[in-house]
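Structure at a glance
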Amino acid sequence: MNHRTALMGVLLSVVLALGACAQNLPRYRGYSFDAMIEDAHVIPLNDAESIPALKGYVREVHWQLDKPISGDFTVSVAENEHSAAYIGTLESREPVHIISLNGANLDSHPELETDESVRFNDAAAVGKVNVLEENRLPKGDYVFRLKVHGSQNWDRKEIYVQVR
């Protein structure tokens with residue numbers, strides 16, 4: 001066996017291992033990118049049952065912040081060790097969707113938004129969304145929905161957020 005054949009064998013093993021890692025990740029649950037809101041890191045949610053505000057929420061939340069935020073927020077996303085194998089190169093982030101778990105009245109205005117992931121007769125779907133007037137939330141419990149698109153796939157995180 002020459003060096004070139006041995007090197008190709010090693011590279012093939014690495015590619016297969018990366019593919020196996022991506023296949024073992026739960027799909028569309030946010031494991032292929034990292035996120036921060038304000039200066040808080042998004043981490044896996046330990047026990048959704050222990051958070052009273054999540055009891056009436058119908059979707060599954062798998063993430064939380066490592067600390068509450070002040071209400072003024074910025075959101076950032078970044079590739080991590082799973083990105084290349086699952087979503088490819090991170091290309092974009094959709095607007096953040098915010099769900100108030102306490103029924104807070106958020107100052108917003110309606111706008112039309114296209115969704116390229118849903119198509120009708122080869123055209124992107126259009127829907128109405130409410131856009132916040134400012135990046136400031138009142139105290140309370142929220143779920144932030146983050147969705148990113150990569151060169152190969154997409155992924156999302158649903159994050160429990162406390163504003164104090």
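Coordinates for the structure precede this section.
Residues numbered from 1 in each chain as written. Predicted model: local features only at pLDDT ≥ 70, side-chain atom pairs only at ≥ 80, totals over all residues. Heavy atoms only, no water.

Our next topic: the overall build of the protein chain. Scanning the protein chain from terminus to terminus reveals two helices and ten strands. Secondary structure elements in the protein chain, listed N-terminal to C-terminal, are α-β-β-β-β-α-β-β-β-β-β-β. Within the protein chain, contacts between residues at least 6 apart in sequence are counted, and of these 68% link residues at least 24 apart. For the protein chain, the accessible area works out to roughly 10300 Å², and carbon and sulfur atoms hold 52% of it. (Helix = DSSP H or I, 4+ residues; strand = E, 2+ residues; numbered from the N terminus. Contact = heavy atoms within 4.5 Å. Areas by Shrake-Rupley, 256 points an atom, 1.4 Å probe, with all protein chains shown as cover.)

Looking now at the nonpolar core. Looking at soluble globular proteins, one finds that nonpolar side chains tend to be buried together. In this structure, Ile-37, Leu-65, Ile-69, Phe-144, Ile-159 and Val-161 are the most contacted members of the largest nonpolar core, which totals 21 residues. Mapped onto this core, the elements with two or more residues apiece are β1 (33–37), β2 (40–44), β3 (63–65), β9 (140–150) and β10 (154–163). Among the elements that make up this core, the one with the highest residue count is β9 (four residues). Setting aside residues no more than four positions away along its own chain, Phe-144 makes contact with Ile-37, Phe-73, Val-75, Val-96, His-97, Ile-98, Leu-137, Lys-157, Glu-158, Ile-159 and Val-161. Judged by nonpolar contacts, the second largest core, of nine residues, contains Leu-45, Ala-53, Val-61 and Tyr-160. (Core = buried A, V, L, I, M, F, W, Y, C linked by side-chain atoms within 4.5 Å. Buried < 20%, exposed > 50% of the residue type's maximum accessible area, 1.4 Å probe, protein only.)

Before going further, it helps to spend a moment on the packing of aromatic side chains. Going through the model one piece at a time under the given rule, you end up with four aromatic pairs. Centroid distance Tyr-28 to Trp-154: 4.1 Å. Interplanar angle 20 degrees. Geometry classified as stacked. Within this pair, whereas Tyr-28 is found in the loop between α1 (3–24) and β1, its partner Trp-154 is found in strand β10, the two being separated by 126 residues in sequence. For Tyr-28, a relative accessible area of 24% puts it in the partly exposed group. Looking at Trp-154, the relative accessible area reads 22%, which means it is partly exposed. Members of the aromatic cluster, each reached through a chain of ring pairs, are Tyr-28, Tyr-86 and Trp-154. When the ring centre of Trp-154 is taken as reference, the NZ or CZ atom of Lys-147 above it lies at 4.4 Å. (Phe/Tyr/Trp six-rings, centres within 6.5 Å; stacked < 30°, edge-to-face > 60°. Lys NZ or Arg CZ within 6 Å of the ring centre and 35° of its normal.)

As a further point, take the pattern of salt bridges. Inspection of every chain in the model, using the stated rule, returns eight salt bridges. Between Asp-72 and Arg-136 there is a salt bridge, with its nearest N and O atoms 3.5 Å apart. Within this pair, whereas Asp-72 is found in the loop between β3 and β4 (75–79), its partner Arg-136 is found in the loop between β8 (123–132) and β9, the two being separated by 64 residues in sequence. Relative accessible area serves as the criterion here: at 38%, Asp-72 is assigned to the partly exposed category. Here Glu-94 and Lys-147 are joined by a salt bridge, their closest N and O atoms 3.9 Å apart. (Salt bridge = Lys/Arg side-chain N within 4 Å of Asp/Glu carboxyl O.)

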